[in-house]
Amino acid sequence: MESDILDSHGFLIGEELEGDDFHYVEEDQKNENIGPSSIPYPSSTGSKNNDLIRNSRIGELASNKAGLQGIDKEKVKQIIYEASKNSAFYLNEEKKDEALSIKLKQMMKKYESLKKQNLSTINSKVDNLVQVAERERDLSHIIVHIDMDAFYASIEERDNPSLRNKPMAVGDNSMLTTSNYEARNYGVRSAMPGFIAKKLCPELIIVPCNFDKYRAVSKQIREIFSRYDPDYTPMSLDEAYLDITKYLDTIDESPDNVVEQIRREIHEETKLTASAGIAANKLLAKICSDLNKPNGQYRLQNNVDDIMNFIRPLSVRKIPGIGRVTERILNEMDIKTCGAILDNRVYIHQMFSSSSFNFFIRAALGIGSNIVKTDHKRKSKSISRTFSSLSKPDDLYEKLRELADHLAADLLKERLQGKTIAITFKLVNFKMITRERSVKKYIHTADDIYNIGKQVIFININRIIPLQTFESTLITFINRF
DNA sequence: GCGGATCAC
DNA sequence: TATGGTGATCCGC
Ligand SMILES: Nc1ccn([C@H]2C[C@H](O)[C@@H](COP(=O)(O)OP(=O)(O)OP(=O)(O)O)O2)c(=O)n1
Ligand SMILES: [Mg+2]
């Protein structure tokens, strides 16, 4: 029963590794071009379909993250929709949305039947599980999450004062990595195509990425972090967790003052601003770092009452690991806030896997990992490129050759070898196909990668053209030498 | 072990 | 004209 229906959507992504710590991302971006983006949010459902079980990725942008005071969210949605509709990208989003709606309907059937049942026996069992979770609460650490403000954009503004006080974004006409706060007032956001952003804000200035600069600044701020916690955990170029419990023992200062000082040092040494959250664990610190952004900080006291009062009214979407899809699933069950997660714990228990249940409950209780460590072993190394569509096998092989060479060079830098190779194809209709293959011997050379990739292409040639994006990943590592 | 989905930045 | 790149996890087979 656990979660037969909910099949795929993988919740848990971050926290649930929990016992240890969050995941961790190192030196991102290598791409020269422009790069970035992840899961675009494009469109908006300008066309109103009354079906509530539909609309996840469509719209929902104007998240208020930073401003949007004066702007009309509906207008923004409309403009994005007009610019997106009928595009291959948008059609694919609609298709994914449709598939999700079908799953949701199934889930709702189960949910409705649960509501009719007498769950009193389950009830006490679930309450017991909540108590077990509660026992894991640890309020003995002071954890800080630091997050630079509009990171890439702030660096570009710093280095080119003519960009200041104007709506500006970093990327190119195809994709933006981030925008400054002025641009956010127009609805311009990370992972938005530049050409759409310009419809929202015709005066928008778009500057190209300089990843080397961002990496250099990242190095600077990490050095500052190390002064306060040598074991700090970097989560990306602009973000890290620190456990300043020990540091506080060495001085007579409040957590707030220490964090003020960290942010001051960042500003003095980089001329950039950061925001921070201070709380008992990583989950809460992360949520807090967003509250007074930009250039602010927020302290949540290590106190159960304060924590519960803080988390109860929070939208589930604020929980790291609950994204667009999971939010929509929960909303279907009338669960919009963390408090509602607790209220509906029995249903959550019946609807989801036990690990998902634990993840939701812990989040709703404000319980999270407080383990902050630097050590990290990568589990995969990948390279991907998007290009104008290709259909001739030989062209695909040529692309594969380039990627294989590049990947092999990267592997060499870290002396890595692996025994599983994954090739991901993104078709021009944005459908993605992954084919993975394990080999007996560890591989690391460009030729090995190329030869395996070539077979994979050959076997799948009919379903992967015309091709738009090509990605090659090596997994299952051990070190060479 | 594989393939699709989700999530973060 | 045009919707990224990198790394990780979960679920159902
Ligand atoms: N989909 C994304 C999201 C972010 N980034 C890059 C650009 C950002 O500058 C940087 C940090 O991401 P954040 O989510 O912290 O966003 P910002 O720092 O830009 O803004 P803020 O933290 O003030 O909201 O990562 C990216 O390339 N692609
Ligand atoms: Mg940031």
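Residue numbers restart at each chain and count upward from 1, following the sequence in its written direction. Chain letters and ligand numbers both follow the written order, the letters beginning at A and the numbers at 1. Whole-chain, interface and lining totals are the exception, using all residues; otherwise, since this is a predicted model, local features are given only for residues with pLDDT of at least 70 and side-chain atom pairs are given and counted only at 80 or more. Neither water nor hydrogens contribute to the side-chain values; these are computed over all heavy atoms in the structure.

Looking up chain A in an unreviewed UniProt entry gives the name DNA polymerase kappa, with the organism given as Gigaspora rosea. UniProt positions are given in the numbering used here, feature names are shortened, and annotations may be inferred rather than shown by experiment. Its UniProt record gives chain A a comment under Catalytic activity (unreviewed entry), which states: "DNA(n) + a 2'-deoxyribonucleoside 5'-triphosphate = DNA(n+1) + diphosphate". Turning to chain A, the UniProt annotation filed under Subcellular location (unreviewed entry) states: "Nucleus".

Counting from the N terminus, the helices are the DSSP runs of H or I reaching at least four residues and the strands are the DSSP runs of E reaching at least two. Within chain A, the regular secondary structure consists of 17 helices and 12 strands. Partly exposed describes any residue whose relative accessible area lies between the buried limit of under 20% and the exposed limit of over 50%, with all areas from a 1.4 Å probe on protein chains only and scaled to the type maximum. Counting every position in chain A, which comprises 481 residues, the buried fraction comes to 51%. We call two residues in contact when some of their heavy atoms are within 4.5 Å. Intrachain contacts of chain A at a sequence separation of at least 6 include 70% that bridge at least 24 residues. Accessible surface is estimated by sampling points in the Shrake-Rupley manner with a 1.4 Å probe; for residues, cover comes only from the protein chains shown. Accessible surface, chain A: about 22700 Å² in total, of which carbon and sulfur atoms supply 50%.

To continue, consider the site of ligand 1. By convention in these notes, a residue is near a molecule or strand provided one of its non-hydrogen atoms lies within 4 Å of it. Ligand 1 sits among 17 residues. The nearest are Ala150, Phe151, Thr178, Tyr181 and Arg184. Between ligand 1 and the protein, one listed contact pairs an oxygen atom with a backbone N or O atom of Tyr152 at 3.1 Å. Within the side chain of Lys293, one N or O atom sits 3.1 Å away from an oxygen atom of ligand 1. Relative to its unbound accessible surface of 550 Å², ligand 1 loses 81% to contact with the protein. Going through the elements one at a time, strand S1 (143–148), helix H4 (151–159), strand S3 (176–179) and helix H5 (181–184) are the ones with two or more residues in the shell around ligand 1. A per-class count over the shell around ligand 1 returns six nonpolar, four polar and seven charged. Polar contacts here mean pairs of N or O atoms no more than 3.5 Å apart (in protein, one a potential hydrogen donor and the other a potential acceptor; neighbouring residues in sequence count only if both atoms are side-chain atoms). Each residue gets one label: Ala, Val, Leu, Ile, Met, Phe, Trp, Tyr, Cys and Pro are nonpolar, Asp, Glu, Lys and Arg are charged, and the others, such as Gly, are polar.

Right, let's get into the pairing of strand S6 (residues 239–243). Moving residue by residue along a regular strand, the side chains alternate between the two faces of the sheet. For S6, the tally of buried residues reaches five of five residues, placing the bulk of the element in the interior. Alternating positions in S6 separate into two faces, Glu239, Tyr241 and Asp243 on one and Ala240 and Leu242 on the other, with burial throughout. As paired elements, strand S5 (residues 233–236) and S6 share three bridges and run antiparallel to each other. Across the sheet, Thr233 pairs through a bridge with Tyr241, a residue of S6. Between S5 and S6, which follow one another and run antiparallel, lie two residues. When DSSP finds two or more bridges between two strands, those strands count as paired.

With 50 residues, the main nonpolar core has Ile311, Ile319 and Phe352 as its most contacted residues. For this core, the leading source of residues is helix H15 (residues 354–365), giving seven residues. If we ignore the near neighbours within four places in the chain, the residues touching Ile311 are Leu284, Ile287, Ile319, Cys338, Gly339, Ala363, Ala364 and Gly366. The next biggest cluster of nonpolar side chains, apart from the first, holds 37 residues, and it includes Met148, Val170, Phe211 and Tyr247. Among buried residues, the Ala, Val, Leu, Ile, Met, Phe, Trp, Tyr and Cys ones that are joined through side-chain atoms within 4.5 Å form a nonpolar core.

Once that is clear, we can look at the sheet that holds S1. Spatially, five strands are ordered S5-S6-S1-S7-S8 in an open sheet, and the strand pairing comes out mixed. The open sheet has two free edges, formed respectively by S5 and strand S8 (297–299), since each of these has just one partner strand. On average, adjacent strands in this sheet sit at an angle of 15 degrees to one another, irrespective of strand direction. Note on geometry: axes are C-alpha line fits, over the in-contact stretch for helices, and angles between N-to-C directions span 0 to 180 degrees. Here helix H10 (residues 282–291) sits on the sheet and contacts S1, S6, strand S7 (274–279) and S8; the angle it forms with S7, its principal contact strand, is near 140 degrees.

What follows concerns the coordination of the magnesium ion (ligand 2). Only nitrogen, oxygen and sulfur atoms count as donors, using a 2.8 Å cut-off from the metal that widens to 3.2 Å for Na, K and Ca. Water is left out, so coordination shells may look unfilled. The coordination sphere of the magnesium ion (ligand 2) contains the protein donors Asp147 (OD), Met148 (O) and Asp238 (OD), at a distance range of 2.0 to 2.2 Å. When four donors show all angles between 85 and 135 degrees the site is tetrahedral, when four or six donors have opposite pairs over 155 degrees and all other angles between 65 and 115 it is square planar or octahedral respectively, and in every other case it is irregular. Here the magnesium ion (ligand 2) is ringed by six donor atoms whose angles at the metal span 82 to 174 degrees, and the overall shape comes out octahedral. Each donor residue of the magnesium ion (ligand 2) lies on one chain, and together they are spaced D-M-x89-D. The pair Asp147 / Met148 is uniform in exposure class, with both members buried.

Let's shift gears to the side chain of Thr424. Structurally, Thr424 is set in strand S10 (residues 416–427). Given a relative accessible area of 10%, Thr424 falls into the buried group. In terms of polar contacts, Thr424 uses its side chain to reach the side chain of Thr434, at 3.3 Å. If near-sequence neighbours (up to four positions away) are discounted, Thr424 is found in contact with Met432, Ile433, Thr434, Thr469, Phe470 and Glu471.

A few words on the packing of helix H11 (residues 304–311) against H15. As a packed pair, H11 and H15 sit with axes 8 Å apart at the nearest point and diverge in direction by 110 degrees. Our classification of the angle between H11 and H15 gives roughly perpendicular. Counting all contacts with H11, which are made through Ile307, Met308 and Ile311, the residues of H15 involved are Ala363, Ala364 and Leu365. Residue classes in the contact of H11 with H15 are distributed as six nonpolar, no polar and no charged. By definition in this entry, angles of less than 35 degrees are roughly parallel, angles greater than 145 are roughly antiparallel, angles of 65 to 115 are roughly perpendicular, and the rest are oblique.

A few words on the UniProt feature "domain: UmuC" (unreviewed entry) in chain A. Following the UniProt record, one finds the feature "domain: UmuC" (unreviewed entry) at residues 143–323. A helix fraction of 43% and a strand fraction of 19% characterise residues 143–323, whose end C-alpha atoms lie 23 Å from each other.

Time to look at the pattern of salt bridges. Here, a salt bridge means any Lys or Arg side-chain nitrogen found within 4 Å of an Asp or Glu carboxyl oxygen. Within the structure shown, the criterion is met by 27 salt bridges. When the shortest N-O distance is used, the salt bridge between Lys85 and Glu82 registers 2.9 Å. When its relative accessible area of 30% is taken as the criterion, Lys85 is described as partly exposed. With its nearest N and O atoms 3.5 Å apart, the salt bridge here joins Arg263 to Glu260. Pair noted here: Arg263 and Glu260 are both in helix H9 (residues 255–270), with a separation of three residues, about one helical turn. By relative accessible area, which is 9% here, Arg263 ends up buried.

Next up on the list: a positive patch on the surface. Together, Lys95, Lys431, Arg435 and Arg463 make up a region of like positive charge exposed at the surface. When you line up the elements, Lys95 lands in helix H2 (residues 88–116). A patch consists of residues exposed above 30% relative accessible area that lack any salt bridge, with like charges linked at up to 9 Å and nonpolar side chains (Val, Leu, Ile, Met, Phe, Trp, Tyr) linked at up to 5 Å. Positive charges come from Lys and Arg, negative ones from Asp and Glu, while His and the chain ends are left out of the count. Charge positions come from single atoms, namely NZ of Lys, CZ of Arg, CG of Asp or CD of Glu.

Turning to the sheet that holds strand S2 (residues 168–171), a few remarks are in order. Taken in spatial order, the three strands of this open sheet run S3-S2-S4, and their pairing is mixed. Each edge of the open sheet carries a strand with a single partner, namely S3 and strand S4 (205–207). Within the sheet, the average angular offset between the axes of one strand and its neighbour, ignoring direction, is 30 degrees. Both S2 and S4 contribute to a ladder of three bridges, which runs parallel. Within the sheet, the bridge partner assigned to Val170 lies in S4 and is Val207.

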